[in-house]
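What follows is each chain in one-letter form.
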Amino acid sequence: MPQPKKGPRLGSNPAHQKLMLSNLAVSLFEHERIRTTEAKAKALRPFAEKLITKAKKGDLHNRRQVLSVIEDREVVHKLFDDIAPRFAERNGGYTRILKIGPRGGDGAPMALIELVTEGDHPVATTVETAEGKKRRLARRRRADDLPADKPVRSKAADASAYGQAAREGELELEVEDEADSDAGAKAQTGAASETSGEDEATEAEEPSAEGETAEAEAPEGSSSGEQETK
Amino acid sequence: MAVPKRRKTGSKMRMRRAHWKAKAPTYASCPQCRQPKMPHRVCPNCGHYAGRTAVETE
């Protein structure tokens, strides 16, 4: 019995998953760095790295195997002639995933996945001494008071700017609301006049409903005119 | 199939649900700009991660 793939499928079904992975791989090789959800980035990493391994071998058979996954010949050309030579000295680990937090809208955790380039700094691995920790904590305390030397955007400033924008937006919204309510009121009076006109048509002549506007009088007049002709 | 014999009282239900609590998210402070950020994430304020600029911010 065939063993199912580990983990949940992305999207809906195997065909969808296959297509989505190959599309993601095309985008990754084309743009070198793409933003997607964490789950997709994690699924893409082994998929893309296997393609790069094939590209590093570089013969016709491997090229055909890659072409069976990625149909875009330009991208395959770039993969074999541009990307693969860059990784000649690297044994695996061709991609890097950086997490960038939840997406606005549905809160999905987002990530960047990129091709590792040689100029990148290695991950900082400093070991903290007790003395260093004291200094760090002191720095943090100072930073909490006021970071004067660093151009730091304070959250308060952001919040006030946002608040102002929101207030301006509100003003505009209010204006629109008034216009809407006016239109609504007109529609209502119009509807009222129509119904009153019908009433008169059916029940001979009755005193018109109290408090009618000039707009309402026009249909009344026409209906009473019909009554006379009958 | 096994089914509940008795309806749970409102009190029992509330006692059970008293333990459904939202947890405050953990955060770390960014080594670059000192702003709070989520651990193991690129700093949303300055775009740094692991000692280099990972994302351009504004």
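Cut-offs used in this document
- Residues numbered from 1 in each chain as written.
- Chains lettered and ligands numbered in written order.
- Predicted model: local features only at pLDDT ≥ 70, side-chain atom pairs only at ≥ 80, totals over all residues.
- Heavy atoms only, no water.
- Phe/Tyr/Trp six-rings, centres within 6.5 Å; stacked < 30°, edge-to-face > 60°.
- Buried < 20%, exposed > 50% of the residue type's maximum accessible area, 1.4 Å probe, protein only.
- Lys NZ or Arg CZ within 6 Å of the ring centre and 35° of its normal.
- pLDDT = per-residue confidence, 0-100.
- Helix = DSSP H or I, 4+ residues; strand = E, 2+ residues; numbered from the N terminus.
- Contact = heavy atoms within 4.5 Å.
- Patch = residues over 30% accessible without salt bridge, like charges linked within 9 Å, V, L, I, M, F, W, Y side chains within 5 Å.
- Areas by Shrake-Rupley, 256 points an atom, 1.4 Å probe, with all protein chains shown as cover.
- Salt bridge = Lys/Arg side-chain N within 4 Å of Asp/Glu carboxyl O.
- Lys, Arg positive; Asp, Glu negative; His and termini not counted.
- Charge placed at Lys NZ, Arg CZ, Asp CG, Glu CD.
- Core = buried A, V, L, I, M, F, W, Y, C linked by side-chain atoms within 4.5 Å.
- Expected span 1.5 Å × (residues − 1).
- Bend = angle between axes of the 7 residues up to and from the residue.
- Pairing = 2+ DSSP bridges.
- Axes fitted to C-alpha atoms, helices over the stretch in contact; angles between N-to-C directions.

Student: Would you take a moment to explain the packing of aromatic side chains for this structure?
Tutor: How two aromatic rings sit relative to each other is given by the distance of their centres and the angle of their planes. All names here are of chain A. For the coordinates displayed, the defined rule picks out 1 aromatic pair over all chains. Note on F87 and Y94: the rings are 4.9 Å apart at their centroids and 40° apart in plane angle, and the pair reads as tilted. Both residues of the pair, F87 and Y94, count as buried. A cation sits over an aromatic face here: R63 above F80, 4.4 Å from the ring centre.

Student: What's the story with the confidence of the model for chain A in this structure? I'm lost.
Tutor: The predicted coordinates should not be examined in detail at positions where pLDDT is low. Residues and elements named next belong to chain A. Averaged over chain A, the pLDDT score is 70; the fraction of residues at 70 or greater is 50%. Mean pLDDT values over the elements of chain A span from 43, in helix α7 (residues 214-229), up to 95, in helix α3 (residues 60-67). Ignoring residues within four places in sequence, the model shows residues 165-230, a span with pLDDT below 50, making 15 contacts including any to other chains.

Student: Sorry, what's going on with a positive patch on the surface here?
Tutor: Residues and elements named next belong to chain B. Residues K8, K12, R16 and R17 make up a contiguous surface patch of positive charge. Mapped onto the fold, K8 is located in the segment before α1 (10-17). Under the relative-accessibility criterion, K8 is labelled exposed at 59%.

Student: Hey, could you run me through unusual backbone geometry in this one?
Tutor: Backbone phi values are negative for most residues with the exception of glycine, while trans is the configuration of most peptide bonds. Residues and elements named next belong to chain A. Even without being a glycine, E32 presents a positive backbone phi close to 70°. As for its placement among the helices and strands, E32 is situated in the loop between α1 (14-31) and β1 (33-37). E32 sits in the partly exposed class, given a relative accessible area of 21%.

Student: Would you explain the nonpolar core in this entry?
Tutor: Nonpolar side chains in soluble globular proteins generally cluster together in the buried interior. All names here are of chain A. Counting 29 residues, the largest nonpolar core has F29, L44, I70 and L79 as its most contacted members. Of all elements in the fold, only α1, α2 (38-57), α3, α4 (73-86) and β3 (109-115) reach the threshold of two or more residues within this core. When neighbours within four sequence positions are excluded, L44 is seen to be in contact with L21, L24, A25, L28, I34 and I113.

Student: So what exactly am I meant to see when it comes to α2 of chain A here?
Tutor: Note: α-helices contain 3.6 residues per turn, so residues at a spacing of three or four share the same orientation. All names here are of chain A. Between its terminal C-alpha atoms α2 stretches 29 Å, which fits the 28 Å expected from 20 residues at 1.5 Å a residue. The largest bend along α2 reaches roughly 30° and is located at L44, with the proline P46 sitting one to four residues downstream. If you check which residues of α2 are buried, you get E38, A41, L44, A48, E49, L51, I52 and A55. Tucked into the core, α2 has its buried residues touching α1, β1, α3, α4, β2 (95-102) and β3.

Student: What am I meant to see in the sheet that holds β1 of chain A here?
Tutor: Each strand in a sheet pairs with its neighbour through backbone hydrogen bonds, running either in the same direction (parallel) or in the opposite one (antiparallel). All names here are of chain A. Spatial ordering of the open sheet is given by β1-β3-β2, a layout of 3 strands whose pairing is antiparallel. Each edge of the open sheet is held by one strand with a lone partner, namely β1 and β2. Here the average twist between neighbouring strands, direction ignored, is 25°.

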